[in-house]
Amino acid sequence: MENHIRLLINNISVVYSDVIQVLKGVSLSVRKGQIVSLLGSNGAGKTTTLKAISGLLKPENGKVTEGSIEYDGKPVQNSSPEEITRMGIIQVLEGRQEFKYLTVEENLKVGTATRWGKPYQQDLKMVYDYFPALLARRKSLAGYCSGGELQMMVIGRGLMAHPKLLLLDEPSLGLAPLLVKEIFQIIRRINQEQGTTLMVVEQNANMALQIAHYGYVMENGKIVLESPAEELRDNPDVKEFYLGTAASGALKSYKDVKSYKRRKRWL
Amino acid sequence: MEFFLQLLINGVSLGFLYALSALGFVMIFKSSSVLNLAHGELLAIGAFLFLLLSAWAGLPIVVAFVLTLVGTFSLGFVVERLFLRPLIGENLIEVIMMTLGLGIMFKGLLLFIFGGDIHSYPRFLPESLTLQLGNVQIPSVNVAAFIVGILFLIVFGFFFKYSNQGIYMRSVADNQPAALSLGVHVRRVFALSWAIAFLVAAMSGIVLGIINGINVHELSAIGLKVFPVVILGGLDSIGGAILGGVIIGLLETFTGGYISTSLREVVPYIALVIILMVKPYGLFGLVEIERV
């Protein structure tokens, strides 16, 4: 059992600038080969959780002050991003952080930084297979690509690093619904075909729970709910608060908003 | 006409030297947004190291040259490690003040060791390098400057465009958090850009030393000319640094040739002021790609 666990977060607290506490005892685990979604509203601490895993808290003056993060059994909390990426954890940042003045293909090449000097032609081909739209754009500057192309590019860029655990932060942000669907299908394919373990942070709970095996819900820096994705989809609270339908399945009416607020505090 | 051609050629070859020296400056600025105020001293360090190895230690020129390059390149790493890395994460102004302090320290050290006199290298450029174009004679040192300038600019151009390390360096300049998230060794990139800056500054320091003689004050003053060059070309553009270098080189030699030699040194700074007023991002500064 233990060795099926890729990532084990045990009761971590994260503090920014020594005073602002963002995570208050978060625990979660990710099993090998699975897709785990982390849901929650703005400011719940989802991105901070990802950054705690990938080591990117440090440049922002954040720190894991309590608890532990174990990756394949090794403690990695507060390690530098250089070390963590080389162990196989790659975070795809929120909001498509492209290299504007590099071409699409050069952007993808930066993904090989963790294994500098190794051949990557095969990986480029794999990325273009998953995202054929990128092939046509490979020579153009990323700064001039569309939002959808960029989202594909940054996921592809993460794949170039051969991640064992890929952390995706809001891949649906600002994309048209059809494109979101396409990207989530590709994420599922990557999981199935490459065996990559994925952790997906999302606002779009509906989409995320369709592809995930397991889900967590965060509120105010704590995990408030967790269960297999299909159970989470049927959970009346999740339905009401995150999927936008009432417990009955019908669309919610405005007069229920008050109850929504009351219930949410209960979580 | 011959005089014009002569000036043109001198100007271009001088311009390539400025461009080469500005290249190092631009690289540091691109990767870490640091203005290196010690740049002039880097030229002097290169020139004096070469003097030490070639004239005083009596090594063969080629060996001395290669050793100078290796030495300055390594010195770049050492200086970054000792003085600049501890400041990563601090305010930019503190890092820039550190480079100012480093510059003064280097200058003091060079003055202490070599004194303030003008030194010169033994003549080593073969006379066969002197080119005769019709009635125009191009001195061997200008030909050498031309060759060295073009060669290094091409090498670095390829390095940044095609090598993986070059692409990583550009990615750090472009979006540091994203580069960090992909495991690019950002500190190593900073170190490498300092090392390259030391190396290219040494190159231009040596050639300028052949032309003007080697003097601490003079070389560090020439180093200041990277400012007009990079402001003209755009602070963050390598192509712009090259063109800016050539333009400043031409401006200088033509002013010196046709107007007055005393005005020569001032012209680059006059150009600097005008450019800042008319085109503050320089001729080739990155036009911010913005989405609307």
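Right above here is the structure, for reference.
Throughout this description, residue numbers start from 1 for each chain and increase along the sequence as written. Naming scheme: in the order in which they are written, chains are lettered from A and ligands are numbered from 1. Selection of residues for local features in this predicted model requires a pLDDT of at least 70, selection of side-chain atom pairs for listing and counting requires 80 or more, and totals for whole chains, interfaces and linings are taken over all residues. Heavy atoms from the whole structure form the basis of all side-chain values; hydrogens and water molecules are not counted.

A.B. asks: Before we move on, could you go through the overall build of chain A and cite the residues and values that matter?
C.D. replies: In this text, helices come from DSSP runs of H or I with a minimum length of four residues, and strands from runs of E with a minimum of two, each type numbered from the N-terminal end. Within chain A, the secondary structure is distributed over 11 helices and 10 strands. Categorising residues by exposure relies on relative accessible area from a 1.4 Å probe, with only protein chains included: less than 20% of the type maximum marks a residue as buried, more than 50% marks it as exposed, and the intermediate range marks it as partly exposed. Considering chain A as a whole, with its 267 residues, one finds that 54% of them fall into the buried category. Expressed as a percentage of contacts within chain A between residues at least 6 apart in sequence, the contacts between residues at least 24 apart total 67%. Counting every atom, chain A has about 12000 Å² of accessible surface; 50% of that belongs to carbon and sulfur. Whether two residues are in contact is decided by their heavy atoms, any of which lying within 4.5 Å being enough. The accessible surface values rely on the Shrake-Rupley method and a 1.4 Å probe; as for residues, cover is taken only from the protein chains in view.

A.B. asks: Report on the interface of chain B and chain A, specifying residues and quantitative values.
C.D. replies: Buried accessible area, meaning the area lost when the parts come together, often serves as the stated size of an interface. Chain B puts 25 residues into the contact, and the matching count from chain A is 32 residues. Accessible area that two parts lose when put together, with a 1.4 Å probe and added across both, is what the buried area reports. Here chain B and chain A share an interface that buries about 2600 Å² over both sides, 57% of which is from carbon and sulfur atoms. Note on definitions: salt bridges are taken to be side-chain nitrogens of Lys or Arg within 4 Å of carboxyl oxygens of Asp or Glu. For the pair chain B and chain A, the interface holds three salt bridges. Of the charged contacts in the structure, one is a salt bridge between Glu82 of chain A and Arg187 of chain B, with a shortest N-O distance of 3.5 Å. Side-chain atoms alone can form a polar contact between residues adjacent in sequence; in general such a contact is a pair of N or O atoms within 3.5 Å, and within protein one must be able to donate a hydrogen while the other accepts it. On the surface where chain B and chain A come into contact, there are nine residue pairs in polar contact (both at pLDDT 80 or more). Where the side of chain B that touches chain A is concerned, the elements lending two or more residues are α6 (164-174), α7 (176-181) and α8 (186-212) of chain B.

A.B. asks: Describe the packing of aromatic side chains, listing the residues and the values that go with them.
C.D. replies: All names here are of chain B. Stacked, edge-to-face and tilted are the three classes for Phe, Tyr and Trp ring pairs, Trp counted by its six-membered ring, which pair at centre distances within 6.5 Å; planes under 30 degrees apart are stacked, over 60 edge-to-face, the rest tilted. This structure, assessed with the given rule, holds 16 aromatic pairs over all chains. When the centroid spacing of 5.9 Å and the interplanar angle of 75° are considered together, the rings of Phe50 and Phe124 count as edge-to-face. Note that Phe50 is positioned in helix α2 (residues 39-56) and Phe124 in the loop between α4 (92-114) and β1 (131-133), a separation of 74 residues in sequence. One aromatic cluster is present, formed by Phe3, Phe4, Phe254 and Tyr258 through successive ring pairs.

A.B. asks: Requested: an account of the packing of α8 of chain B against helix α9 (residues 216-223) of chain B, with residues and values cited.
C.D. replies: Residues and elements named next belong to chain B. To define axes, lines are fitted to C-alpha atoms, for helices over the stretch in contact only, and angles between the resulting N-to-C directions are given on a 0 to 180 degree scale. The N-to-C vectors of α8 and α9 enclose an angle of 125°; their axes lie 11 Å apart at closest approach. Put simply, α8 runs oblique to α9. Helix-helix and strand crossings are classified by hand; for α8 and α9 the assignment is right-handed. Here Gly205, Leu208 and Asn212 of α8 come into contact with α9, specifically with Glu218, Leu219 and Ile222. We call Asp, Glu, Lys and Arg charged. Ala, Val, Leu, Ile, Met, Phe, Trp, Tyr, Cys and Pro are nonpolar, and the rest, Gly among them, are polar. When its residues are assigned to classes, the contact of α8 with α9 shows three nonpolar, two polar and one charged. Convention used here: angles under 35 degrees read as roughly parallel, angles over 145 as roughly antiparallel, angles from 65 to 115 as roughly perpendicular, and any remaining angle as oblique. Note on convention: the crossing is left-handed when the near helix lies turned anticlockwise from the far helix by less than a right angle, right-handed when the turn is clockwise.

A.B. asks: Provide a residue-level description of unusual backbone geometry, including the pertinent values.
C.D. replies: Residues and elements named next belong to chain A. Located in the positive-phi region is Asn61, a residue other than glycine, with phi close to 65°. Of note, the phi angle at Glu170 is positive, near 50°, even though the residue is not glycine. Considering the arrangement of structural elements, one finds Glu170 in the loop between β7 (165-169) and α7 (177-194).

A.B. asks: I'd like to hear about the side chain of Glu202 of chain A, residue by residue, with values.
C.D. replies: Residues and elements named next belong to chain A. Structurally, Glu202 is set in strand β8 (residues 197-202). Only four residue types enter the charge count, namely Lys and Arg as positive and Asp and Glu as negative; His and the chain termini do not. Of the side chains with opposite charge, Lys46 lies nearest to the buried Glu202, which makes no salt bridge, at 8.2 Å. Reaching out from Glu202, the side chain makes a polar contact with the backbone nitrogen of Asn204 at a distance of 2.8 Å. Discounting chain neighbours no more than four positions away, the residues touching Glu202 are Leu38, Leu39, Gly40, Lys46, Glu170, Pro171, Ser172, Phe184 and Ala208.

A.B. asks: Please provide a residue-by-residue account of the packing of helix α1 (residues 2-32) of chain B against helix α11 (residues 238-259) of chain B, values included.
C.D. replies: When two helices pack together, their arrangement is given by the angle between the helix axes and the distance between those axes. All names here are of chain B. Taken N-terminus to C-terminus, the directions of α1 and α11 make an angle of 140°; their axes are 6 Å apart at the nearest point. The angle between α1 and α11 places the two elements in the oblique class. Handedness of the crossing formed by α1 with α11: right-handed. The residue makeup of the contact of α1 with α11, split by class, is 20 nonpolar, seven polar and one charged.

A.B. asks: Break down the sheet that holds β8 of chain A for me, citing the residues and quoting the values.
C.D. replies: Residue and element names in this part refer to chain A. One open sheet accounts for six strands, arranged β6-β7-β8-β3-β9-β10; its pairing is mixed. Of all strands in the sheet, those with a lone pairing partner are β6 (89-92) and β10 (222-228), marking the two edges. Put simply, the sheet's adjacent strands are angled 15° from each other on average, direction ignored. The strands touched by helix α6 (residues 147-159) are β6 and β7; relative to β6, the strand with the most contacts, the crossing angle is about 170°. At least two bridges found by DSSP between two strands are what make those strands a pair.

A.B. asks: For the sheet that holds strand β4 (residues 62-71) of chain A, give the residues involved together with the corresponding values.
C.D. replies: Residues and elements named next belong to chain A. A sheet is described by the order of its strands in space; here four strands give the open sequence β2-β1-β4-β5, paired in antiparallel fashion. Of all the strands in the sheet, just β2 (20-31) and β5 (74-75) have a single pairing partner and so form its edges. Summarising the sheet, strand β1 (residues 5-16) and β4 pair through eight bridges and their orientation is antiparallel. Looking across to β4, one finds that Leu7 is bridged to Tyr71. Together, β1, β2 and β4 form the strand contacts of helix α1 (residues 46-54), whose direction differs from that of β1 by roughly 110°.

A.B. asks: Go over the pairing of strand β3 (residues 35-40) of chain A, please, and point to the residues and values.
C.D. replies: Both faces of the sheet carry side chains from a regular strand, because those side chains alternate between them. All names here are of chain A. Taking burial as the measure, the six residues of β3 include six buried ones, the bulk of the element. Here β3 shows a buried face lined by Ile35, Ser37 and Leu39 and a second buried face lined by Val36, Leu38 and Gly40. Summarising the sheet, β3 and β8 pair through five bridges and their orientation is parallel. Its bridge partner lying in β8, Ser37 is registered against Val200. As paired elements, β3 and strand β9 (residues 214-219) share five bridges and run parallel to each other. For Leu39, the partnering residue across the bridge sits in β9 and is Val217.

What is shown is where atoms sit, not what they do.
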